[in-house]
Amino acid sequence: MVTDIDLYDVDLPELEGQLTATEISTLVDEFWHKARHEWARLSTLQKKLEGKLTRTWMPENADLEYKDLFKKASTPWLTFGGRALAQGCRVDGFSQQQVWERAWQASGMDGRQGHVTREAIGLGYTFIACLPSRDPSKVVMRPMSSLKTFAVFKEPWDEHPEVVLHLIEGSMQKTDSQRWMLITDAGVHKFKGGPKRPQDVEFTPHGLDYCPVTRIGASYDDVPQSVLEPALPVYQRVVDATFTLQMVQRYGAFPQKWMAGGDALDDKIRIAVDSMLHASGVNGETARFGTFAPADLDQVVKALESHIRHMLSILQVPPTYGPFSAMVNMSAEGIAAAEAGYFRHLGDLQDPLGEGYEGALR
C-alpha cells in the first residue's frame with residue numbers, strides 16, 4: 001500500500017548549529033503531522049504482519065472456547081517468509097577493510113544487520129545512523145527502527161536526509177517517559193519530553209556537513225514499499241483455513257451421535273466425545289440411535305496447505321523452504337528449478353538493500 005501522504009513536501013526553517021528548545025519545537029512542528037501519520041501506518045502494518053489484526057466471522061453467541069480457537073489460528077507465516085528472504089540478503093564484506101573493522105564490526109553490525117534487513121523487508125525501510133565514537137579511530141553505527149524514526153528528505157533520491165527525529169526510549173503515547181534524538185547536519189540533540197516541548201536539551205556536534213543517517217530500503221519507490229504486504233490477503237485466508245481446521249478437529253473429527261424418538265433431552269445436557277445417550281420415558285422403547293460420519297480432516301489440511309503455498313509463491317519463497325514433506329524426493333535439478341525464482345527475487349532485493357548499506361558504510 002502506497003502511503004497517501006507526501007513525505008517530501010516539508011518546508012523546513014533555516015536553522016544552523018545548536019538549536020534551542022524553542023527552535024527544536026519550531027522545526028519538528030513542520031513535519032510532526034506527517035511523522036505521526038507514517039508511524040501509525042507502519043505500526044498498523046507491523047501488527048498485520050504479526051497476525052494481531054486478523055478478523056474472521058463469529059456468531060453473536062460465540063463462547064470462550066470458540067474465541068480461543070481463533071486466537072490460536074494466527075500463525076506467524078509472514079514472519080517466516082520475511083526471515084526466509086532476509087537470510088539471503090547478508091552483508092559479508094566491504095572493499096575498505098579499515099571501515100569494515102572499525103565501523104561495521106566494531107559497532108556489532110554483524111549481528112544487528114539481520115534485524116535491520118528483516119524490518120526493511122517487512123515495513124519497506126529502516127534507518128542506520130553513523131555517528132562519531134569516543135574513540136576517534138572508530139565510528140558508531142546504530143540501527144533506528146522506522147517505527148520510531150522519521151526522516152525528512154528534500155528529494156526521494158537524496159542520499160542523506162535533512163533532519164531525523166528518533167524516539168530513543170519510551171512510549172509514543174506517554175511524553176513523560178520519552179527521550180528523543182534530533183539529528184541535523186550540525187550535530188545530535190538529545191532531549192526529554194515530547195518534541196513539541198523539549199526539555200533538558202543536550203547537543204553533541206558530529207563534525208560533518210550532512211545528516212549522517214542512511215535509509216535502508218527494500219525497493220526504489222519514493223517511499224520504499226513492504227515486500228510482505230502484497231501477501232496479506234492470502235495470509236488472511238491462511239488464518240481462516242487454520243481456524244476451520246481447528247474447529248473441525250475439535251467438533252467434527254469424531255462421529256457425531258444422534259437419537260430419533262424418545263423424550264427430548266434437557267437443554268443443559270451437552271453431547272461430547274465421551275458421553276452416552278440414554279432413551280427414557282414412555283417412548284424409550286421406540287428410540288433409535290446412530291452416528292454421523294466424522295469430518296474428513298485430510299481435505300481441510302490440503303486446503304490449508306494450498307493457501308500456504310499460494311502465499312509463499314507471492315513472496316517467491318520456494319516450497320523447499322516450507323513444511324511440506326512432499327519435497328523430500330525431488331532431484332537436485334528439481335530443487336534448483338524450484339528455487340530459481342527465489343534467488344532472482346533475492347537479486348532484486350539485494351540491489352536496493354545493498355545501496356543502503358553501501359551508503360551507510362560510505
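Everything discussed here concerns the structure shown above.
Residues numbered from 1 in each chain as written. Predicted model: local features only at pLDDT ≥ 70, side-chain atom pairs only at ≥ 80, totals over all residues. Heavy atoms only, no water.

### Re the overall build of the protein
Then comes step 1: The number of helices and strands found in the protein is 9 helices and 10 strands.
Then comes step 2: Within the protein, buried positions represent 41% of all 362 residues.
Then comes step 3: Of all intrachain contacts in the protein linking residues separated by at least 6 positions in sequence, the fraction that spans at least 24 positions is 63%.
Then comes step 4: Approximately 20,300 Å² of the protein is accessible, and the part contributed by carbon and sulfur atoms is 50%. (Helix = DSSP H or I, 4+ residues; strand = E, 2+ residues; numbered from the N terminus. Buried < 20%, exposed > 50% of the residue type's maximum accessible area, 1.4 Å probe, protein only. Contact = heavy atoms within 4.5 Å. Areas by Shrake-Rupley, 256 points an atom, 1.4 Å probe, with all protein chains shown as cover.)

### Re helix α9 (residues 332-361)
Then comes step 1: With 30 residues, α9 should reach 44 Å at 1.5 Å per residue; the first-to-last C-alpha distance of 38 Å falls well below that figure.
Then comes step 2: At E339, α9 is deflected by roughly 40°, the largest bend along its length. (Expected span 1.5 Å × (residues − 1). Bend = angle between axes of the 7 residues up to and from the residue.)

### A short note on the pairing of strand β4 (residues 163-169)
Then comes step 1: Counting buried positions over the 7 residues of β4 gives 5, a clear majority of the element.
Then comes step 2: In terms of strand pairing, strand β3 (residues 149-152) meets β4 through 4 bridges, oriented antiparallel. Within β4, the residue paired with T149 across the bridge is H166.
Then comes step 3: Looking at chain direction, β4 and strand β5 (residues 179-183) are connected through 5 bridges and run antiparallel. Each bridged residue has a counterpart across the sheet, and for E169 the counterpart in β5 is R179. (Pairing = 2+ DSSP bridges.)

### Section: the environment of T126
Then comes step 1: Inspection of the secondary structure assignment puts T126 in strand β1 (residues 125-132).
Then comes step 2: Judged by its relative accessible area of 2%, T126 is buried.
Then comes step 3: Distance in space between the C-alpha atoms of T126 and S146 is 4.8 Å, their sequence separation being 20 residues.
Then comes step 4: Ignoring any residue separated from it by four or fewer positions in sequence, one finds T126 in contact with V116, E119, A120, M144, S145, S146, T214, R215 and I216.
Then comes step 5: A polar side-chain atom of T126 sits 2.7 Å from a polar atom in the side chain of E119. (Polar contact = N/O pair within 3.5 Å; in protein donor to acceptor, adjacent residues only side chain to side chain.)

### Thoughts on the layout of surface pockets
Then comes step 1: Within this model, the largest pocket holds a volume of roughly 560 Å³.
Then comes step 2: Around the largest pocket, the lining is made up of 19 residues, and of these L131, P132, M181, V188 and K190 lie nearest the centre.
Then comes step 3: Of all the elements in the fold, those that place two or more residues in the lining of the largest pocket are β1, β2 (139-144), β4, β6 (187-192) and β7 (199-205).
Then comes step 4: Here the residues of the lining of the largest pocket sort into 11 nonpolar, 4 polar and 4 charged.
Then comes step 5: Of the volumes computed, that of the second largest pocket is approximately 430 Å³.
Then comes step 6: Along the wall of the second largest pocket there are 18 residues; nearest its centre are W157, D158, R215, Y220 and E355.
Then comes step 7: Listing elements by their share of the lining of the second largest pocket, those giving two or more residues are β8 (213-217) and α9. (1 Å grid on protein atoms, 1.4 Å probe; cavity = no way out; pocket = protein on both sides within 12 Å on 5 of 7 lines; lining within 4 Å. Points joined across faces, edges and corners; volume = space filled by probe spheres on them. Nonpolar A, V, L, I, M, F, W, Y, C, P; charged D, E, K, R; others polar.)

### What to know about unusual backbone geometry
Then comes step 1: One non-glycine residue, D200, lies in positive phi territory at about 50°.
Then comes step 2: Assignment of secondary structure puts D200 in strand β7.
Then comes step 3: You can call D200 exposed: its relative accessible area is 53%.
Then comes step 4: Phi at Q316 is positive, roughly 60°, even though this residue is not glycine.

### Here we look at the sheet that holds β1
Then comes step 1: Sheet architecture is open: 3 strands sit in the order β2-β1-β8, paired in antiparallel fashion. Each having just a single partner strand, β2 and β8 make up the two edges of the open sheet. Taken pair by pair, the neighbouring strands of this sheet meet at an average axis angle of 25°, ignoring direction.
Then comes step 2: Where β1 meets β8, 5 bridges bridge the pair, whose relative direction is antiparallel. Residue pairing across strands places T126 opposite I216, the latter belonging to β8.
Then comes step 3: Those strands touched by α9 are β1, β2 and β8, and its axis lies near 165° from that of β8. (Axes fitted to C-alpha atoms, helices over the stretch in contact; angles between N-to-C directions.)

### Observations regarding the sheet that holds β3
Then comes step 1: Read across the sheet, 5 strands follow the order β3-β4-β5-β6-β7 without closing on themselves; strand pairing throughout is antiparallel. Of all strands in the sheet, those bounded by a partner on one side alone are β3 and β7. In this sheet, adjacent strand axes meet at a mean angle of 15° when their direction is disregarded.
Then comes step 2: The sheet contacts of helix α1 (residues 21-29) involve β4, β5, β6 and β7, and relative to β5 the element is tilted by about 80°.

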